[in-house]
Structure formats: structure tokens, C-alpha cells
Amino acid sequence: MFTKERFLWLHVILATFWVGGMIFLSLVIAPYIKDKPFRDEAFQEVGKKFSLYGTMLTLSLLFITGLTNAYLLHGGLGDRSILEKLGVFFLIVIVSLVHDLWAGKKALHSEYHRKWARWLGLINLLLGFLAVYMGVRIRLGL
Ligand code: HEM
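This one's a predicted model, so the numbers in the text were calculated from it and none came from an experiment.

Participant: Tell me about the site of the ligand, residues and numbers included.
Facilitator: Near the ligand lie 24 residues; those nearest to it are His11, Gly66, His74, Lys85 and Arg139. Residue histidine 11 places a side-chain N or O atom 2.8 Å away from a nitrogen atom belonging to the ligand. Here an oxygen atom of the ligand and a side-chain polar atom of histidine 74 are 2.6 Å apart. Elements supplying a minimum of two residues to the shell around the ligand: helix H1 (4-33), helix H2 (39-74), helix H3 (80-106) and helix H4 (111-139).

Participant: Account for the coordination of the iron atom of the ligand, with residues named and values stated.
Facilitator: Coordination sphere of the iron atom of the ligand, protein contribution only: His11 (NE2) and Lys85 (NZ), at 1.9 to 2.0 Å. Seen from the iron atom of the ligand, its 6 donor atoms lie at angles of 79 to 178°, and the figure they make is octahedral. Here lysine 85 lies in helix H3 and histidine 11 lies in helix H1, a separation of 74 residues in the sequence. Residue classification places histidine 11 among the buried positions, given a relative accessible area of 12%.

Participant: Give a detailed account of a nonpolar patch on the surface, specifying residues and quantitative values.
Facilitator: A cluster of nonpolar residues, Phe17, Leu52, Tyr53, Met56, Leu57, Leu61, Ile64, Leu97 and Leu101, forms a patch on the protein surface that exposes about 790 Å² of accessible area. Of all the elements in the fold, those that place two or more residues in the nonpolar patch are H2 and H3. Here the nonpolar patch gets 6 residues from one element, more than from any other, and that element is H2.

Participant: Could you give an account of the packing of H1 against H2, naming the residues involved and the relevant values?
Facilitator: Direction vectors running N to C along H1 and H2 enclose 160°, while the axes themselves pass 9 Å from each other. One finds that H1 runs roughly antiparallel with respect to H2. Helix-helix and strand crossings are classified by hand; for H1 and H2 the assignment is left-handed. The residue makeup of the contact of H1 with H2, split by class, is 22 nonpolar, 9 polar and 2 charged.

Participant: Break down the packing of aromatic side chains for me, citing the residues and quoting the values.
Facilitator: Tallied over the full model, the rule gives 7 aromatic pairs. The interplanar angle of 65° and the centroid separation of 5.9 Å between the aromatic rings of phenylalanine 89 and phenylalanine 90 together place this pair among those described as edge-to-face. Ring centres of tryptophan 102 and tyrosine 112 lie 6.3 Å apart, and the angle between their planes is 85°; this geometry places the pair in the edge-to-face category. Of this pair, tryptophan 102 sits in helix H3 while tyrosine 112 sits in helix H4, and the two are 10 residues apart along the sequence. The class for tyrosine 112 is exposed, based on a relative accessible area of 51%. The rings of Phe17, Trp18 and Phe50 are connected pair by pair, giving a single aromatic cluster. Positioned over the ring face of tyrosine 32 is lysine 36, at 4.3 Å from the centre of the ring.

Participant: How would you summarise the pattern of salt bridges if you had to cite specific residues and measurements?
Facilitator: Counted according to the given criterion, the structure contains 7 salt bridges. Notably, a salt bridge pairs lysine 36 with aspartate 35, separated by 3.2 Å at the nearest N-O pair. Measuring nitrogen to oxygen at the nearest pair gives 3.3 Å for the salt bridge that ties lysine 48 to glutamate 45. Residue lysine 48 and its partner glutamate 45 are both found in helix H2; the two are separated by 3 residues, about one turn of the helix. On the basis of relative accessibility, which here comes to 53%, the residue lysine 48 falls in the exposed class.

Conventions used here
- Residue positions are given per chain, counted from 1 along the sequence in the order it is written.
- Predicted model: local features are reported for residues with pLDDT of at least 70 only, side-chain atom pairs are reported and counted for 80 or more only, and whole-chain, interface and lining totals are derived from all residues.
- Water and hydrogen atoms were dropped before computing side-chain values, which therefore reflect all heavy atoms in the structure.
- Proximity is defined per residue: any heavy atom of the residue falling within 4 Å of a molecule or strand makes that residue near it.
- Polar contacts, as used here, are pairs of N or O atoms within 3.5 Å; protein pairs need one atom able to donate a hydrogen and one able to accept it. Residues neighboring in sequence count only if both atoms are side-chain atoms.
- We count a stretch as a helix when DSSP gives it H or I for four or more residues in a row; a strand needs E for two or more, and each element gets its number in order from the N terminus.
- Nitrogen, oxygen and sulfur within 2.8 Å of a metal are treated as its donors, or within 3.2 Å for sodium, potassium and calcium (Na, K, Ca); water is not counted, so a site can appear incomplete.
- Tetrahedral means four donors with every angle between 85 and 135 degrees, whereas square planar (four donors) and octahedral (six donors) require angles over 155 degrees between opposite donors and between 65 and 115 for all others; sites fitting neither are termed irregular.
- The rule is simple: take the accessible area with a 1.4 Å probe, protein chains only, and divide by the maximum for that residue type; under 20% is buried, over 50% is exposed, in between is partly exposed.
- Put simply, a patch holds well-exposed residues, over 30% relative accessible area, that have no salt bridge, with like charges counted together within 9 Å and Val, Leu, Ile, Met, Phe, Trp or Tyr side chains within 5 Å.
- Residue-level accessible areas treat just the shown protein chains as cover; the underlying method is Shrake-Rupley with a 1.4 Å probe.
- By salt bridge we mean one thing: a side-chain nitrogen of Lys or Arg within 4 Å of a carboxyl oxygen of Asp or Glu.
- Orientation is described by lines fitted to C-alpha atoms, with helices fitted over the stretch in contact, and by angles between N-to-C directions that extend from 0 to 180 degrees.
- Convention used here: angles under 35 degrees read as roughly parallel, angles over 145 as roughly antiparallel, angles from 65 to 115 as roughly perpendicular, and any remaining angle as oblique.
- In this scheme, a crossing is called left-handed if the near helix is turned counterclockwise away from the far one by less than a right angle; it is called right-handed if the turn is clockwise.
- When residues are grouped by polarity, Ala, Val, Leu, Ile, Met, Phe, Trp, Tyr, Cys and Pro land in nonpolar, Asp, Glu, Lys and Arg in charged, and all others, Gly among them, in polar.
- Paired rings are identified among Phe, Tyr and Trp, the last through its six-membered ring, by centres lying within 6.5 Å, and are further divided according to the angle between planes into stacked (under 30 degrees), edge-to-face (over 60) and tilted (the rest).
- Working rule: Lys NZ or Arg CZ, within 6 Å of ring centre, within 35 degrees of ring normal, means a charge sits over the ring.

As far as function goes, none of this settles anything; it's purely spatial.
Below, the structure written as C-alpha cells:
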């Protein structure tokens, strides 16, 4: 049932939801709602949903499937590239939690927190791209 190719497949599906979700938010949702009267409410509702399915659920499952990939495909965490990716992953978790639980939450009534939420969101998108790149490097044995 739980074969190595199915774990890698699940890892890639989760990665597409996480990174794809952030791209969709930045390029489609944010530009559409930014000048609408319901902007703040929409950002809060969309933000809460992506925090639940993205930060809480998807990042947790990426960690579990990632570690499983490391053991099933590479015999553990011996490779420097896998440890480096784990480091980037923990950075993604910290930035996500600060974004979701501090900046995003306070953004409703504060331009200062709205700015922080925008910057933290952009940083997390770039870290997401880096995590995918590191996954490809691990795959290629680099
Ligand atoms: C935001 C978090 C993450 C994203 C977006 C992500 C993305 C990806 C992607 C797209 C691949 C497939 C690369 C390919 O097959 O060419 C991959 C592979 C891999 N990931 Fe992740 N990953 C994340 C977190 C993690 C974590 C926490 C670990 C734990 C050590 C991990 C370990 C691995 C391993 C070992 C592979 C290589 C599997 C192989 O040899 O094909 N990943 N990752």
C-alpha cells in the first residue's frame, strides 16, 4: 500500500497545493479583491482557510511525506542536501506562523500589519520555490 512512489507522488501533490496556492493568492485573489469594499473581510476569510489547509495541514503532511521520502529513497537524513532542505522547511513554518497568527490576524485594522503580511507572504512564496528546487536537487543526487 504505502510504496515509495506513492509517498513521492503525495509529497509532490502537497507541494503543488502549497506553492500553487500561494501563487494563486498573489496573482489572482489579491489583485481582484484589493480595491473591493469587502477587501478586509475577504482577506481574513481566505487567509483563515489557507492557514488551515495550507499551513496547518499541508505543511504537516509535507514534513511527514518528506521524511518518509528521505528514509525510503535515500536511507535517512545523511545527505547534506536533505538536511539543508529541512532547514529551509523550518524557516517556512516559522514565517507561515508569524504571517498567519500575527501579521495576518492584525492586518484587519492596521496598515503596518498589512505590510508585514504582504512581505511575509512574498518571502514564503520564494522559500516555497527554493524548497521545490532543493527537492529536484535531491532527486538528481546533487
Ligand atoms: C514547503 C515544503 C516542501 C516542498 C514545497 C517540497 C517540494 C518537493 C518536490 C516538488 C519534490 C519532487 C522533486 C522531484 O522529484 O524532482 C520533493 C522531493 C523531495 N522532498 Fe520535498 N518538499 C517540501 C518539504 C520537504 C521536507 C520537510 C522534507 C524532509 C526532509 C522533504 C524531503 C524531500 C525528499 C527526500 C525528496 C526527494 C525524493 C526523491 O529522491 O525523489 N521535502 N520535494
